[in-house]
Amino acid sequence: MTPRRDIRSVKLTASIEENLRVAIESRRSLLPLVGENVEEILGVVSIYDLFECAKLRHPDPERLRSLAVVPHSVPGSASALRLLDEFLVSHNHFAIVLDEYG
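**Some points on the nonpolar core**
Then, number 1: Counting residues in hydrophobic clusters, the biggest one holds 12 residues: V10, L12, I16, L20, A23, L31, L33, V45, L50, C53, L64 and A68.
Then, number 2: Examining the composition of this core, we find that 3 residues originate from one element, helix 1 (residues 16-26), more than from any other.

**Some details on helix 1**
Then, number 1: Those residues of helix 1 not exposed but buried are I16, N19, L20, V22, A23 and S26. The buried side chains of helix 1 occupy one side of the element, clustering within an arc of 160 degrees when seen end-on. Facing away from the buried side of helix 1, by more than 90 degrees, are the exposed residues E17, I24 and E25.
Then, number 2: Tucked inside the fold, the buried residues of helix 1 contact strand 1 (10-11), strand 2 (30-34), helix 2 (47-55) and helix 3 (61-67).

**Details of the pattern of salt bridges**
Then, number 1: Tallied over the entire structure, the rule returns 3 salt bridges.
Then, number 2: The salt bridge involving R21 is made with E25; its shortest N-O contact spans 2.8 Å. Note that R21 and E25 are positioned in helix 1 at a spacing of 4 residues, about one turn of the helix.
Then, number 3: E25 gets classed as exposed once you look at its relative accessible area, which sits at 53%.
Then, number 4: The partner of R82 in a salt bridge is E86, and the shortest N-O contact between them spans 3.0 Å. Within this pair, R82 and its partner E86 are both found in helix 4 (residues 80-90), separated by 4 residues, close to a single helical turn.
Then, number 5: Linked by salt bridges that have partners in common, E18, R21 and E25 make up one network.

Conventions and cut-offs
Residues numbered from 1 in each chain as written. Predicted model: local features only at pLDDT ≥ 70, side-chain atom pairs only at ≥ 80, totals over all residues. Heavy atoms only, no water. Core = buried A, V, L, I, M, F, W, Y, C linked by side-chain atoms within 4.5 Å. Buried < 20%, exposed > 50% of the residue type's maximum accessible area, 1.4 Å probe, protein only. Helix = DSSP H or I, 4+ residues; strand = E, 2+ residues; numbered from the N terminus. Arc of directions from axis to C-beta. Contact = heavy atoms within 4.5 Å. Salt bridge = Lys/Arg side-chain N within 4 Å of Asp/Glu carboxyl O.

So far we have only geometry, and geometry alone does not tell us how the molecule works.
Spelled out as structure tokens, the structure:
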């Protein structure tokens, strides 16, 4: 689990070049796509999707939004075993943990 302060995310409002830089520096294959701040998670994008957007001459932020997958959300009180079972069933391996503040 990654603490909120250490989350590296790509921003819908940032340029594709800036988002690619963040993705490459983070060394992660999946990153949250956020709006104005890290609290506004719009979805999860892969670095592959970022490269596909970069191939376009004039990448549109809405294109990136359309590629984002809705993240799996779990409460902070969920057990790790239950979460692993959910990952196996859903073929998902990325979740957003929600605390009492959302």
